[in-house]
Amino acid sequence: MVTASEKIWMDGQFVNWNEANVHVLTHSLHYGLAAFEGIRCYKGAKGSAIFRLKEHVDRLFESAHIMAMKVPYSKKEVADAIIETVRMNRLESCYIRPLLYIGYGEMGLYPGNNPIKLSIAAWPWGTYLGEDALVQGIRAKLSSFTRHHVNVSMTRAKVSGYYVNSILAKCEAKNSGYDEAILLDPEGYVAEGTGENVFIMSKGVLKTTPLTSILEGITRDAIMTLARERKIPVVEERFTRDAMYVADEVFLTGTAAEVTPVREIDDRTVGEGKRGPVTTLLQQAFFDIVKGEDPTHLNWLAPV
């Protein structure tokens, strides 16, 4: 269950959590065309800060632009509203969900002049894949479902309807006793998890899927930057499912998952079956930055 906070920002006004409602005929509820972001705010040594707020707002606007949704606010107005939502709810650390959606009006696939609406919610949320996952790692399953083709759904956009694919894969994995699913692209190469990017460490090189069939993850970019700063070779390269089986390390990245090691895939042990040294190094570097203990990337943090 979501831990309710006090207020949700809806089109410029704060509304009580239990009163933040929409009409049942809201267009996006029926047809799935909405753009959203997942953002984290971390409690640090010098107060709370939102991780890479600018990049998240930029991506929200990019998603809307790809979907031909005209955002009725400036980027600054959205960023300020996100910060104010965290402040209003007096949250030291939290997950933040801005949602751009097509509101009530015309029905049918063509949205016509239906208004574009924006809501921003924030609530306390711990480790997405479980408290032990960051240390012990998770068990993953290759999904029977295929990730999106670039000309079926535009993968650079973070769109609500695309996640039906993720729900199917996630439920299949969970119902089979695994923690997470990993999906292949239409050509059979590794794409991403249900809501995470995939990295493998193999023969001294850190590899991640190129921006073909995947969302351009903001945590993904941060980890690539941190790896290069630590002289770890990083390449964006297609790889196969069996490349994951024989990799030295595999881990997932995302706002919710943060940096989560994978200890087993399809009942095959990955590496030594536990969090590996590179995963540990990059995970620690990531948390040192988001918690304000490492000042090297202060530009990634927006103080609340």
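Provided above is the structure to which this section pertains.
In this report, the structure presented in the accompanying data block is examined. All values reported here derive from a predicted model rather than from experimental measurement. Each chain has its residues counted from 1, running along the sequence as written. Since the coordinates come from a predicted model, pLDDT governs what is reported: local features require at least 70, and pairs of side-chain atoms require 80 or more to be given and counted, while whole-chain, interface and lining totals use all residues. Remark: hydrogens and water are excluded; side-chain values derive from all non-hydrogen atoms of the structure.

The secondary structure content of the protein amounts to 8 helices and 17 strands. A globule of 304 residues ought to have a C-alpha radius of gyration of about 19 Å, and the protein, at 19 Å, matches this closely. Considered along the principal axes of its C-alpha atoms, the protein spans approximately 55 × 45 × 30 Å. Taken across its 304 residues, the protein has 53% of its residues classed as buried. When contacts within the protein are restricted to residue pairs at least 6 apart in sequence, those whose partners lie at least 24 apart make up 70%. Here the open area of atoms and residues is found with the Shrake-Rupley method and a 1.4 Å probe, where only the protein chains shown may cover a residue. Surface accessibility of the protein: about 14200 Å² in total, with carbon and sulfur atoms responsible for 52%. On the protein, the mean spot of the 34 positive side-chain charges and the mean spot of the 37 negative ones are 1 Å from each other. Going along the chain from the N terminus, every DSSP run of H or I of four or more residues is numbered as a helix, and every run of E of two or more is numbered as a strand. Every radius of gyration here is taken over C-alpha atoms, with the globule rule written as 2.2 Å times N^0.38, N being the number of residues. With a 1.4 Å probe rolled over the protein chains alone, any residue whose accessible area is under 20% of its type maximum counts as buried; one over 50% counts as exposed, and the rest are partly exposed. In this analysis, two residues are considered to be in contact whenever any of their non-hydrogen atoms come within 4.5 Å of each other. Asp and Glu are treated as the negative residues and Lys and Arg as the positive ones, with His and the ends of the chain left uncounted. Charge coordinates come from a single atom per side chain, which is NZ of Lys, CZ of Arg, CG of Asp or CD of Glu.

Another aspect to go through is the side chain of Thr194. Relative to the assigned elements, Thr194 resides in the loop between strand E10 (190–193) and strand E11 (197–202). Excluding anything up to four places from it in sequence, Thr194 contacts Arg147, Tyr163, Ser166, Ala169, Lys170, Glu180, Ala181 and Leu183.

Turning to the packing of aromatic side chains, a few remarks are in order. Each aromatic pair joins two rings of Phe, Tyr and Trp (for Trp, the six-membered one) with centres within 6.5 Å, and gets the label stacked for planes under 30 degrees apart, edge-to-face for over 60, and tilted for any other angle. Scanning the entire structure with this criterion turns up 12 aromatic pairs. Plain terms: the ring middles of Trp17 and Trp123 are 6.4 Å apart, the flat faces sit at 80° to each other, and that makes the pair edge-to-face. In this pair, Trp17 is assigned in the loop between strand E2 (13–16) and helix H1 (27–31) and Trp123 in strand E7 (residues 116–123), connecting sequence segments 106 residues apart. For the pair formed by Trp17 and Trp123, the shared burial category is buried. Members of the aromatic cluster, connected to one another through ring pairs, are Trp17, Tyr95, Trp123, Trp125 and Tyr128.

Turning next to the pairing of E7. The buried fraction of E7 amounts to 7 of the 8 residues, a majority that puts the element mostly inside the structure. At least two DSSP bridges between two strands are required for those strands to pair. Of the strand pairs in this sheet, strand E1 (residues 7–10) and E7 are connected by 2 bridges, and their pairing is antiparallel. The residue of E7 that forms the bridge with Trp9 is Ile120. Note: strand E6 (residues 94–102) against E7, 8 bridges, orientation antiparallel. The residue of E7 that forms the bridge with Arg97 is Ala121.

With axes taken as lines fitted to C-alpha atoms, and helix axes fitted only over the stretch in contact, angles between N-to-C directions fall between 0 and 180 degrees. The contact between helix H2 (residues 53–66) and helix H3 (residues 75–88) brings their axes to 10 Å, and the two run at 125°. Considering the angle they form, H2 stands oblique to H3. In the packing of H2 onto H3, the handedness of the crossing is right-handed. Contact residues: H2 offers Leu53, Val57, Asp58, Leu60 and Phe61, while H3 offers Lys75, Val78, Ala79, Ile82 and Ile83. Roughly parallel covers angles under 35 degrees, roughly antiparallel covers those over 145, roughly perpendicular covers 65 to 115, and oblique covers all other angles. Each crossing is labelled by how the near helix is turned from the far one, with a counterclockwise turn of less than a right angle marking it left-handed and a clockwise turn marking it right-handed.

Once that is clear, we can look at helix H6 (residues 218–229). How far a helix is expected to stretch is found by multiplying one less than its residue total by 1.5 Å. Its 12 residues give H6 an end-to-end C-alpha distance of 17 Å, which sits within 8% of 16 Å, the value for a rise of 1.5 Å per residue. Buried within H6 are the following residues: Ile218, Thr219, Arg220, Ala222, Ile223, Met224, Leu226 and Ala227. Positioned one or two residues after H6, Lys231 has a phi angle of 65°, which is positive.

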